[in-house]
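Reading the structure
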Amino acid sequence: MQRPSVTGSTLKRITATPIFQDFKRFLLRGNVIDLAVGIMIGAAFGKIVTSLIADILMPPLGLLIGNVDFKDLKIVIGGSETEPVTLNYGLFIQNVFEFLIIAFALFLIIRFSERLKRLSAQSEAAPSVPADIQLLTEIRDLLKGESGSGKKGGRRE
């Protein structure tokens, strides 16, 4: 059986369809690029956290508990001696530690981001007055104060 070949006109027809055009617009939007970058950074961050847990935190914790390697903690629930069926609760504990560290790091990032948004909103809410305008306003207020106190008696001494 011979495969049909895709010619230039067929390819143009496919790329001219409305669904393909919508998909192309979707891919070229900034949100998709930002999402892809976020996923890549998240994957790299996940590897770092996995290494932190497995290579830095768990060995001393296992040593404190009594020279225990968390990867080896398991309960045999069946199977044969050569291929036992086990519940690997040590790996589960290690994954829970990874989750908690990642969740805490994300919490700190989100908290920092919200604080920056609040500071930005406060600075936008109270626009700063240029120094020369502020100085002119103070001079005007001082002159108003002097003219108000010296209305009847002339000059103030």
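Structure: above.
This report concerns the structure included in the present document.

Each value, and the rule that gives it
All residue numbers refer to position in the chain's written sequence, counted from 1. In keeping with the model being predicted, local features are shown solely for residues with a pLDDT of at least 70 and side-chain atom pairs are shown and tallied solely at 80 or more, while totals for entire chains, interfaces and linings include all residues. Water and hydrogen atoms were dropped before computing side-chain values, which therefore reflect all heavy atoms in the structure. Here a helix means four or more residues in a row that DSSP labels H or I, a strand means two or more in a row labelled E, and each is numbered from the N terminus. Relative accessibility thresholds used throughout: buried, under 20% of the residue-type maximum; exposed, over 50%; partly exposed, between the two (1.4 Å probe, protein chains only). Counted charges follow a simple rule, with Lys and Arg positive, Asp and Glu negative, and His plus the chain ends left uncounted. What makes a salt bridge here is a side-chain nitrogen of Lys or Arg within 4 Å of a carboxyl oxygen of Asp or Glu, nothing more. Contacts are assigned to residue pairs that have any heavy atoms within 4.5 Å of one another. Note on terminology: a nonpolar core comprises buried Ala, Val, Leu, Ile, Met, Phe, Trp, Tyr and Cys residues joined through side-chain atoms within 4.5 Å. To count toward a patch, a residue needs a relative accessible area over 30% and no salt bridge; like charges are then connected within 9 Å, while nonpolar side chains (Val, Leu, Ile, Met, Phe, Trp, Tyr) are connected within 5 Å. Per-residue and other accessible areas were derived by the Shrake-Rupley procedure at a 1.4 Å probe size, with only the shown protein chains allowed to occlude residues.

Let's talk about the side chain of E98
Relative to the helices and strands, E98 is located in helix α4 (residues 89–125). Although E98 is buried, it forms no salt bridge, and the closest oppositely charged side chain is K71 at an N-O distance of 8.8 Å. Excluding its chain neighbours within four sequence positions, the residues that come into contact with E98 are V49, T50 and I53.

A word on the nonpolar core
V49, I53, M58, F70 and L73 together form the largest nonpolar core, which totals five residues. Those residues in contact with V49 that lie beyond four places of it in its chain are E98, I101 and I102.

Observations regarding a nonpolar patch on the surface
Residues I75, I77, V85, L87, Y89, F92, V96, F99 and L100 make up a contiguous nonpolar surface patch of roughly 870 Å² in combined accessible area. When residues of the nonpolar patch are assigned to their parent elements, the largest contribution, five residues, is made by α4. Within the element layout of this structure, L87 appears in strand β2 (residues 84–87).

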